[in-house]
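Remarks on the overall topology
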Amino acid sequence: MANRIFQLKAKVIKNINVAPKYYKIVLSCPYVACAAQPGQFVMLRLSESYQPLLRRPFSIHRVVHSPQSIVHSRKENLRANCIEVLYEVVGIGTKILSEKKPDEYLDVLGPLGKGFSIFNNRYPILVGGGVGIAPLLFLAEQLSTVNRQLSTVLIGANTKKEILSEKEFAKLGCSVKIATEDGSAGFKGRVTDLLKNLLSTINYQLSTIYACGPKPMLKEISIISKQYHIPTQVSLEEYMACGLGVCLGCMINTHRGYQAACREGPVFDSRIIKW
């Protein structure tokens, strides 16, 4: 099922405010959840009206289990599979999403895109800026439960109030380090500076970096990883219209030509991108 894409109506299990401007919504969609891989995303239709007209892309924050989402049939036994989406309210679409209530339904298309490639013989360093932390929790869960690898997780935020998913990473046994630009928690400064500090204190030769966040942050991480010769995968946050590579609205300039972030990505080897 890993390569299959589903379109279905997903029941809202819960939708909660977790920080100023940030929410988590849990959707019961077992087929999507069973097929999903860390780094993939879904396209959500947020309204039945023309406003907003297009679906919106959201990273799969994690796959969670709920007794309300058990599906049985002669061919499938999909137990306890929901997807969780972490999102920031930034416009009309995400404002509508934040107002969804339990037992309402959303039209979901997914899982979409190419996710993270996991290397068992390298130490994982996960770097998330703001809501860019969203796809990294799913990755950390797979690293810890399936691959038996614990990760170092660097979380960047503007202020202490905007730190996301710190407790969830800690529960997995990850070493969590915080950077806030105002110095209200952890390291004072950018998460990329925290990354440089970390690399100066560890044996980084057998490390690999997984990152998601604003493009300037990812560009800086790409520069750092090149200096240290560390394999790095970045998940790009791009505007998408279709999520299938048809509309060509999310093209990325790479050393291999232009590629669609929704089809060849959203996860790319940082070395192939023309920053």
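Figured I'd write up the structure that's included with this text.

About the thresholds
Residues numbered from 1 in each chain as written. Predicted model: local features only at pLDDT ≥ 70, side-chain atom pairs only at ≥ 80, totals over all residues. Heavy atoms only, no water. Helix = DSSP H or I, 4+ residues; strand = E, 2+ residues; numbered from the N terminus. Rg over C-alpha atoms; globule rule 2.2 N^0.38 Å. Buried < 20%, exposed > 50% of the residue type's maximum accessible area, 1.4 Å probe, protein only. Contact = heavy atoms within 4.5 Å. Areas by Shrake-Rupley, 256 points an atom, 1.4 Å probe, with all protein chains shown as cover. Lys, Arg positive; Asp, Glu negative; His and termini not counted. Charge placed at Lys NZ, Arg CZ, Asp CG, Glu CD. Pairing = 2+ DSSP bridges. Axes fitted to C-alpha atoms, helices over the stretch in contact; angles between N-to-C directions. 1 Å grid on protein atoms, 1.4 Å probe; cavity = no way out; pocket = protein on both sides within 12 Å on 5 of 7 lines; lining within 4 Å. Points joined across faces, edges and corners; volume = space filled by probe spheres on them. Patch = residues over 30% accessible without salt bridge, like charges linked within 9 Å, V, L, I, M, F, W, Y side chains within 5 Å. Salt bridge = Lys/Arg side-chain N within 4 Å of Asp/Glu carboxyl O. Arc of directions from axis to C-beta. Phe/Tyr/Trp six-rings, centres within 6.5 Å; stacked < 30°, edge-to-face > 60°. Core = buried A, V, L, I, M, F, W, Y, C linked by side-chain atoms within 4.5 Å.

**Side note on the overall build of the protein**
Counting secondary structure elements, the protein contains six helices and 18 strands. Scaling as 2.2 N^0.38, a compact globule of 275 residues should have a C-alpha radius of gyration of about 19 Å, and the protein matches this with 18 Å. Burial analysis of the protein (275 residues in total) assigns 53% to the buried set. Taking the intrachain contacts of the protein between residues at least 6 apart in sequence as the baseline, contacts between residues at least 24 apart amount to 64%. Accessible surface computed for the protein: about 13,100 Å², of which carbon and sulfur atoms make up 51%. Charged side chains of the protein number 34 positive and 20 negative; the gap between the two group centres comes to 4 Å.

**Thoughts on the sheet that holds strand S15 (residues 232-235)**
Taking strand neighbours across the sheet as the criterion, the seven strands line up as S13-S12-S11-S10-S14-S15-S18 in an open arrangement whose pairing is mixed. With one partner strand each, in any of the chains shown, strand S13 (187-188) and strand S18 (267-269) form the two edges of the open sheet. Across six bridges, strand S11 (residues 152-157) lies against strand S12 (residues 175-180) in parallel orientation. Across the sheet, residue Val 153 finds its bridge partner in S12, namely Val 176. Helix-sheet contacts for helix H5 (residues 191-199) involve strand S10 (123-129), S11, S12, S13 and strand S14 (207-212), and the interaxial angle to S11 is about 150°. Contacting S10, S14 and S15, helix H6 (residues 215-228) crosses the sheet at an angle of about 170° to S14.

**Some details on the layout of surface pockets**
Approximately 1,200 Å³ is the volume attributed to the largest pocket. As for the largest pocket, its lining consists of 45 residues, of which Glu 88, Val 131, Gly 132, Glu 237 and Glu 238 are closest to the centre. Every element with two or more residues in the lining of the largest pocket is listed here: strand S4 (56-59), strand S8 (82-88), helix H2 (92-98), helix H3 (134-145), S11, H5 and H6. In terms of residues, the lining of the largest pocket owes the most to one element, S4, which gives four residues.

**A closer look at a nonpolar patch on the surface**
On the surface, a cluster of nonpolar side chains totalling about 290 Å² of accessible area is made up of Ile 5, Leu 244 and Val 246. With respect to the helices and strands, the residue Ile 5 is situated in the segment before strand S1 (6-19).

**Brief notes about H5**
Residues Val 191, Thr 192, Leu 194, Leu 195, Leu 198 and Leu 199 constitute the buried set of H5. The buried side chains of H5 occupy one side of the element, clustering within an arc of 155° when seen end-on.

**Details of the packing of aromatic side chains**
In the structure shown here, the tally under the stated rule is five aromatic pairs. Aromatic side chains Phe 58 and Tyr 87 sit 6.1 Å apart centroid to centroid with 75° between the ring planes, which places their arrangement in the edge-to-face category. Placement of Phe 58 in strand S4 and of Tyr 87 in strand S8 is noted, with a sequence separation of 29 residues between them. Assigned by exposure class, Phe 58 and Tyr 87 land together as buried. Both rings, one in Phe 116 and one in Tyr 210, keep their centres 5.6 Å apart while their planes meet at 85°; by these two values the pair is edge-to-face. Taken together, the residues span a long stretch of sequence, with Phe 116 in the loop between strand S9 (105-112) and S10 and Tyr 210 in strand S14 at a distance of 94 residues. Each member of the pair, Phe 116 as well as Tyr 210, is classed as buried. An aromatic cluster is present here, built from Tyr 23, Phe 58 and Tyr 87 joined pairwise through their rings.

**So, the nonpolar core**
Membership of the largest hydrophobic core comes to 31 residues, with the highest contact counts inside it found for Ile 125, Val 127, Leu 154, Leu 195 and Ile 209. Of all the secondary structure elements, the ones that give two or more residues to this core are strand S3 (41-45), S9, S10, H5, S14 and H6. Beyond its immediate sequence surroundings of up to four residues, Ile 125 is in contact with Thr 152, Leu 154, Leu 195, Leu 198, Leu 199, Ile 202, Ser 207, Thr 208, Ile 209 and Tyr 210. If you look at the next biggest cluster of nonpolar residues, it comprises 26 residues, including Ile 25, Ala 35, Tyr 87 and Val 108.

**Topic: H3**
Spacing of three or four residues puts side chains on the same side of an α-helix, whose turn is 3.6 residues. When you tally the buried positions in H3, you get ten out of twelve residues, the bulk of the element. If you check which residues of H3 are buried, you get Ala 134, Pro 135, Leu 136, Leu 137, Phe 138, Leu 139, Ala 140, Glu 141, Leu 143 and Ser 144.

**Concerning the pattern of salt bridges**
A side chain of one charge can pair with a side chain of the opposite charge when the charged atoms of the two come close. Across all of its chains, the model carries 16 salt bridges by this definition. When the shortest N-O distance is used, the salt bridge between Lys 196 and Glu 220 registers 3.9 Å. In this pair, Lys 196 sits in helix H5 while Glu 220 sits in helix H6, placing the two residues 24 residues apart along the sequence. You can call Lys 196 partly exposed: its relative accessible area is 30%.

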